[in-house]
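Residues per chain are reported as follows:
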Amino acid sequence: MTSFFVNGQSVIVDVDPDTPLLWVLRDELKLTGTKFGCGIAQCGACTVHLDGMPRRSCVTPIASVAGGKVTTIEGISGKEADAVTRAWIALDVPQCGYCQSGQVMTAVALLAEIREPTDSDIDAAMAGNVCRCATYVRIRAAIHRAAATLGA
Amino acid sequence: MRYLSTLQQAVLVTRREFLRTAGTAGAGLIVSVKLGGLAWAQRSGAASVIQSEDAQGTIDATGFVKVSPDNTVTVMVKHLEMGQGPYTGLTTLVAEELDAHWSQMRAQGAPANTELYKNLAFGIQGTGGSTAIANSYEQMRKAGATARAMLVAAAAEEWGVPAKEISVRKGVLRHSASGEQATFGQLAERAAKMAPPNDVQLKDPSRFTLIGSSVGKLDSPEKSTGQAIYTIDVQRPDVLTVLVAHPPRFGAKAIAVDDTQARAVRGVVDIKTIPQGVAVYAKGFWPASKARAALKITWDESGTEMRSTAQLLAQYRAHAEQPQVAASSRGNAQTAMEKAVRRYEAEYVFPYLAHAPMEPLDCAIELSDGACQAWFGSQLQTVDHMTIAKVMELPAEKVGIGTLLAGGSFGRRAQPAGDLAGEAAAALKALGRDASIKLVWTREDDIRGGRYRPFTLHRLRGGLDKSGNIVAWDQTIVSQSIIKGSPFEMMIKDGVDPTMVEGAADLPYAIANLRVSAHATEVGVPVLWWRSVGHTHTGYATETFLDELLVASGKDPVQGRLALLKSEPRHAGVLKAVANLARWKGAKVGDGRARGVAVHKSFDTYVAQIAEVSMGSNGLPKVEHVWCAIDCGVAVNPEVIKAQMEGGIGYGLGAVLFDEITLDQGRVVQANFNNYRMLRIDEMPKVDVVVIRSTEKPTGVGEPGVPPIGPAVANAWRALTGTSVRHLPFNRVSV
């Protein structure tokens, strides 16, 4: 039994302690916005926030999350999240869209830390999130746009 | 499994709310489409995508457009949405002729139904070859115009006025003399009773308001908020996750399985041997994954491919020296080559490539009371439907496929042999009872699963006369046939698979003596079309070799090409446009940078690109900036077209720089993104795109952005470093 918080709710799950957080979210809690892409922390599709920091849920054993506060794409809120989501839609960033939950989660964490990121800040923060459709031009533009709306 | 009840309830309530809302969309007030048992989500506000997990039902012969009493208009989109934008594009075509307000438009993926939803370019239901807009352009506009005529007829009847006095604008019908007006929703019920007109007049393009206007994409909101439902997200009662242990060599069969340890994993329900391998059924992915790793399997590998990449290459080189089948010929290349003053020769090698869509292959499928229903990102629904029926030993009418959003494909989900559907059905059948399963491939299954872009060798010879004009061109292509043995085999003409030579056999340049030949190899590695198919290698080989010949004779790469394209105005058009956009003044730009250009037609769309590169810290090209011009005829949605060029550039660039699948005695060496590497954001160049204004019929944009980027970068790299890269990828480690 592991207890932790997901999107502000307390949860208890009874799974093997080595079960990755990703599969607890998806298979046990039916929160499917967080995606499976590689299983080895190479693509970022599974990115969630753990205690406010981006985390690859596919390699995070549930036992290590005990007592922690997990936020998924379904639960993000606040001005950074709002600005990022709006910018993503305004610039039509997604193509297939499968990686975008992870992209949004990383971008929100970036803007929470750096209010006006440069291109190289964006590259450094987002390089762990693969987009096979290569929507990177628009991801970069959308982060700048979100930053601009936050500054206004 | 126990969870604290609040979150579980929240999840369940959300789902119930969705279904409840979905079920109240009003009954029977349908224009031009009848639906049985299909849940239509009732939405308000912005244009959007409707996601239904339950796509069972029948739709009549005009089943593309539904106008609801709630004033929404839903378009059944016959093409798989895997990122290239058909949901938005096809919905735009309907909305244009319907004179709808964009905010009332909805899109939904059409289920398997070949008669209704066949691709007019294929004759079967499927998506690919960059045909979605091209084959639907008139069909969807006619669907919209038909629905419009029925709404107008309904208004004329209700108001007692002549139909020709009624105008329609942005979703509102008006009769100015009487002052009557109504929304589509208000007239939906009456319109459903009107006879569809036999013929409809389509708008003159000068009156288009939505086509060409870059309306926002319908699926952006769901995809930006984690709400989009892909196959892997499908929820069914008591579903079992299935992972299949696939053989280490293609086509090997499991002959003995020790599953003692695997069955001891908590959550494992069953283990069965199926033709594709050994299937593990479990309550969730993780127990299935652990159990699969614990299986001890003995494989019969007799007759499987045992060669390594180096051996394949040696044999391909030998094939290139043998007599070939001519794919195209003009003048006399052999004589002209002998007479040439200067002769050049080059060998090109292209590796196997995995598509690696972000969502690994997956398929949800269930058997209940003698009927089988699947939900997945099916790209060739007709083939998948037939495959499931055959494996399940059910009549076709007892099998349904709901088409879901696909997390990328790039060709991978268009399976001429229905591999994935067949594997899912085999796993379901093996249980021998009613059940619901979700087959999930891991990334390792994907990278090692075959169906690659074929390993290919080109031998090119070119001859110049004393003035430096190209007088002879002789190209030999050695590769595996993609379509041999597939339902598309009839495309093979005179022994030549056109997908092997496309982009080379139709070389656009005015070279008097040309010969292009092909040699099809037999290798036990399954191959498939990979975003832009044969053009992935022909574009690279022709555009780099031509560039070398032009530079060797002192010509500018842009001007030299233009001189050979006097009879090809659309090639020349995009080339001039991209040169203008980039302010091209030659390949050398100084400051540690150089430029290269390439132009290539694929799928009837013309694309030219200029790449500016510098020396990267890893010794590979750093691509700083790419300029792109595209002529795809009528530009239905210029922003989608630009996005496809950006994405195609990134997809092609990653492959050229990093990617190769290699074989070690028949086993695939690479396994995951750690050793089959994707382009990342810090490697993505700046991209500027210009879309040529055109009144030609629209052509595709999903693939044509890919072929020019490799040769443009290679040409720039040669200008910068003097090195010709002819054996891909740039960071090749093997052979």
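Residues numbered from 1 in each chain as written. Chains lettered and ligands numbered in written order. Predicted model: local features only at pLDDT ≥ 70, side-chain atom pairs only at ≥ 80, totals over all residues.

A look at the overall build of chain A
Here is step 1: Helix and strand counts for chain A stand at five helices and five strands.
Here is step 2: The helix and strand sequence of chain A, counted from the amino end, reads β-β-α-β-β-β-α-α-α-α.
Here is step 3: Against the compact-globule benchmark of 15 Å for 152 residues, chain A has a radius of gyration of 15 Å, which places it among compact chains.
Here is step 4: Considered along the principal axes of its C-alpha atoms, chain A spans approximately 45 × 30 × 25 Å.
Here is step 5: The buried share among the 152 residues of chain A stands at 64%.
Here is step 6: Taking the intrachain contacts of chain A between residues at least 6 apart in sequence as the baseline, contacts between residues at least 24 apart amount to 65%. (Helix = DSSP H or I, 4+ residues; strand = E, 2+ residues; numbered from the N terminus. Rg over C-alpha atoms; globule rule 2.2 N^0.38 Å. Buried ≥ 20, exposed ≤ 12 C-beta atoms within 10 Å, placed from the backbone. Contact = placed C-beta atoms within 7 Å.)

Some remarks on the overall build of chain B
Here is step 1: Looking only at helices and strands, one finds 19 helices and 28 strands in chain B.
Here is step 2: Taken over the C-alpha atoms alone, chain B extends approximately 80 × 80 × 50 Å along its principal axes.
Here is step 3: Relative to its 735 residues, chain B shows a buried fraction of 57%.
Here is step 4: The long-range share in chain B, meaning contacts at least 24 apart out of those at least 6 apart in sequence, stands at 77%.

Quick notes on the interface of chain B and chain A
Here is step 1: With 54 residues of chain B at the contact, the number on the chain A side is 54 residues.
Here is step 2: Going through the elements one at a time, helix H1 (5–22), helix H6 (220–224), helix H8 (285–294) and helix H18 (638–658) of chain B are the ones with two or more residues in the side of chain B that touches chain A.
Here is step 3: When residues in the side of chain B that touches chain A are grouped by element, the largest group, six residues, is from H18(B).
Here is step 4: Here the residues of the side of chain B that touches chain A are counted per class, giving 25 nonpolar, 17 polar and twelve charged. (Nonpolar A, V, L, I, M, F, W, Y, C, P; charged D, E, K, R; others polar.)

So, the environment of Ala310(B)
All names here are of chain B.
Here is step 1: Its place among the elements puts Ala310 in helix H9 (residues 309–321).
Here is step 2: Since 13 C-beta atoms lie within 10 Å of it, Ala310 is described here as partly exposed.
Here is step 3: Sequence-wise, Ala310 and Lys555 are 245 residues apart; in three dimensions their C-alpha atoms are separated by 37 Å.

Quick look at the nonpolar core
All names here are of chain B.
Here is step 1: Membership of the largest hydrophobic core comes to 279 residues, with the highest contact counts inside it found for Leu151, Val242, Val280, Ala374, Val578, Cys628 and Val713.
Here is step 2: Ranked by residue count, the leading element in this core is helix H4 (residues 132–159), at 15 residues.
Here is step 3: Contacts of Val242, omitting those with residues within four sequence positions, involve Ala279, Val280, Tyr281, Ala288, Ala427, Ile437, Lys438 and Leu439. (Core = buried A, V, L, I, M, F, W, Y, C linked by C-beta atoms within 7 Å.)

Section: the sheet that holds strand S22 (residues 588–590) of chain B
Residues and elements named next belong to chain B.
Here is step 1: Judged by pairing direction, the sheet is mixed, and its five strands sit side by side in the order S22-S23-S24-S25-S28 without closing on themselves. Here the strands that pair on one side only, and so sit at the sheet edges, are S22 and strand S28 (686–691). On average, adjacent strands in this sheet sit at an angle of 20 degrees to one another, irrespective of strand direction.
Here is step 2: In this structure, strand S23 (residues 593–602) lies alongside strand S24 (residues 605–615), joined through ten bridges in antiparallel fashion. Across the sheet, residue His600 finds its bridge partner in S24, namely Val607.
Here is step 3: Seen against the sheet, H18 touches strand S25 (621–631) and S28 and runs at an angle of roughly 135 degrees to S28. (Pairing = 2+ DSSP bridges. Axes fitted to C-alpha atoms, helices over the stretch in contact; angles between N-to-C directions.)

Describing the domain arrangement of chain B
Here is step 1: As assigned here, chain B comprises domain 1 (5–219), domain 2 (231–302 + 361–440) and domain 3 (309–353 + 451–721).
Here is step 2: Of the residues contributing to the side of domain 1 of chain B that touches domain 2 of chain B, the split by class is seven nonpolar, eight polar and three charged. (Domains from an automatic or database assignment.)

A word on the confidence of the model for chain B
All names here are of chain B.
Here is step 1: With 91% of its residues at a pLDDT of 70 or more, chain B has an overall mean of 91.
Here is step 2: Long-range and interchain partners of residues 1–44, a stretch whose pLDDT sits below 50, account for 90 contacts in this model, where long-range means more than four residues apart.
Here is step 3: Segment residues 53–61 is flagged for pLDDT under 50; beyond a separation of four residues in sequence, or across chains, it makes 27 contacts in the model.
Here is step 4: Model confidence for the complex is summarised by a pTM of 0.93, with the ipTM given as 0.98. (pLDDT = per-residue confidence, 0-100.)

Thoughts on the packing of helix H11 (residues 381–392) of chain B against helix H12 (residues 419–431) of chain B
Residue and element names in this part refer to chain B.
Here is step 1: One can describe the packing of H11 onto H12 by two numbers: an axis separation of 9 Å at closest approach and a directional angle of 25 degrees. Taken together, the axes of H11 and H12 are roughly parallel relative to one another. The handedness of the crossing between H11 and H12 comes out as right-handed. Residue-level inspection shows Asp384, Thr387, Ile388, Val391 and Met392 of H11 in contact with H12, the latter providing Ala421, Gly422, Ala425, Ala426 and Lys429.
Here is step 2: Of the residues in the contact of H11 with H12, the class split is six nonpolar, two polar and two charged. (Parallel < 35°, antiparallel > 145°, perpendicular 65-115°, else oblique. Left-handed = near helix turned anticlockwise from the far one by under 90°.)

Quick look at the packing of helix H15 (residues 535–552) of chain B against helix H19 (residues 709–721) of chain B
All names here are of chain B.
Here is step 1: As a packed pair, H15 and H19 sit with axes 8 Å apart at the nearest point and diverge in direction by 30 degrees. One finds that H15 runs roughly parallel with respect to H19. For the element pair H15 and H19, the recorded crossing hand is right-handed. Listed contacts from H19 to Gly539, Tyr540, Glu543, Thr544 and Asp547 of H15 are Gly710, Pro711, Ala714 and Asn715.
Here is step 2: Of the residues contributing to the contact of H15 with H19, the split by class is three nonpolar, four polar and two charged.

Re unusual backbone geometry
Here is step 1: Following Leu728(B), the chain continues into Pro729(B) via a peptide bond in cis, with omega recorded as 0 degrees.
Here is step 2: Along the polypeptide, Pro729(B) turns up in the segment after H19.
Here is step 3: The phi torsion at Asp92(A) lies on the positive side, around 45 degrees, for a residue other than glycine.
Here is step 4: Considering the arrangement of structural elements, one finds Asp92(A) in the loop between helix H2 (79–90) and helix H3 (100–113).
Here is step 5: The backbone of Phe410(B) sits at a positive phi, close to 60 degrees, despite the residue not being glycine.

Remarks on the sheet that holds strand S3 (residues 47–50) of chain A
Residues and elements named next belong to chain A.
Here is step 1: An order of S2-S1-S5-S3-S4 is seen for the five strands of this open sheet, with the pairing classed as mixed. With one partner strand each, in any of the chains shown, strand S2 (9–13) and strand S4 (53–56) form the two edges of the open sheet. On average, each strand axis in the sheet is inclined to that of its neighbour by 40 degrees, with strand direction left out of account.
Here is step 2: Bridge count between strand S1 (residues 2–6) and strand S5 (residues 69–71): two bridges; the pairing is parallel. Residue pairing in the sheet places Val6 in a bridge with Val70 of S5.
Here is step 3: Where H3 meets the sheet, it contacts S3 and S4, and its direction lies at approximately 40 degrees from that of S3.

A few points about the pairing of strand S18 (residues 435–440) of chain B
Residue and element names in this part refer to chain B.
Here is step 1: Taking burial as the measure, the six residues of S18 include five buried ones, the bulk of the element.
Here is step 2: In this sheet, S18 lies alongside strand S8 (residues 240–245) in parallel orientation, the contact comprising three bridges. What sits directly across from Val242, in S18, is Leu439.
Here is step 3: With six bridges joining them, strand S15 (residues 362–368) and S18 adopt antiparallel strand pairing. Bridging from a neighbouring strand, Ala364 pairs with Lys438 of S18.

Side note on the domain arrangement of chain A
Much of the literature gives interface size as the accessible area that the parts lose upon coming together.
Residue and element names in this part refer to chain A.
Here is step 1: Per the domain assignment, the segments of chain A are domain 1 (2–71) and domain 2 (79–151).
Here is step 2: Using only C-alpha atoms to locate each centre, domain 1 and domain 2 end up separated by 21 Å.
Here is step 3: Taken together, the contacts link 13 residues of domain 1 with ten residues of domain 2.
Here is step 4: Taken together, the elements giving at least two residues each to the side of domain 1 that touches domain 2 come down to S3 and S4.
Here is step 5: The dominant element in the side of domain 1 that touches domain 2, judged by the number of residues it contributes, is S3, at three residues.

A word on helix H2 (residues 86–98) of chain B
Because each turn of an α-helix spans 3.6 residues, side chains separated by three or four positions in sequence point in the same direction.
Residues and elements named next belong to chain B.
Here is step 1: Helix length check: H2 (13 residues) gives 18 Å between terminal C-alpha atoms against 18 Å at 1.5 Å per residue, within 8%.
Here is step 2: H2 sits mainly inside the fold: 13 of its 13 residues count as buried.
Here is step 3: Phi turns positive one or two residues past the end of H2, at Asp99, with a value near 55 degrees. (Expected span 1.5 Å × (residues − 1).)

Notes on the environment of Pro638(B)
Residue and element names in this part refer to chain B.
Here is step 1: Among the secondary structure elements, Pro638 is positioned in helix H18.
Here is step 2: Take Pro638: there are 17 C-beta atoms within 10 Å of it, and that puts it in the partly exposed class.
Here is step 3: Between the alpha carbons of Pro638 and Phe208 there is a distance of 14 Å; along the sequence they are 430 residues apart.
Here is step 4: Apart from residues no more than four positions distant in its own chain, Pro638 is found in contact with Gly212, Ser214 and Val691.

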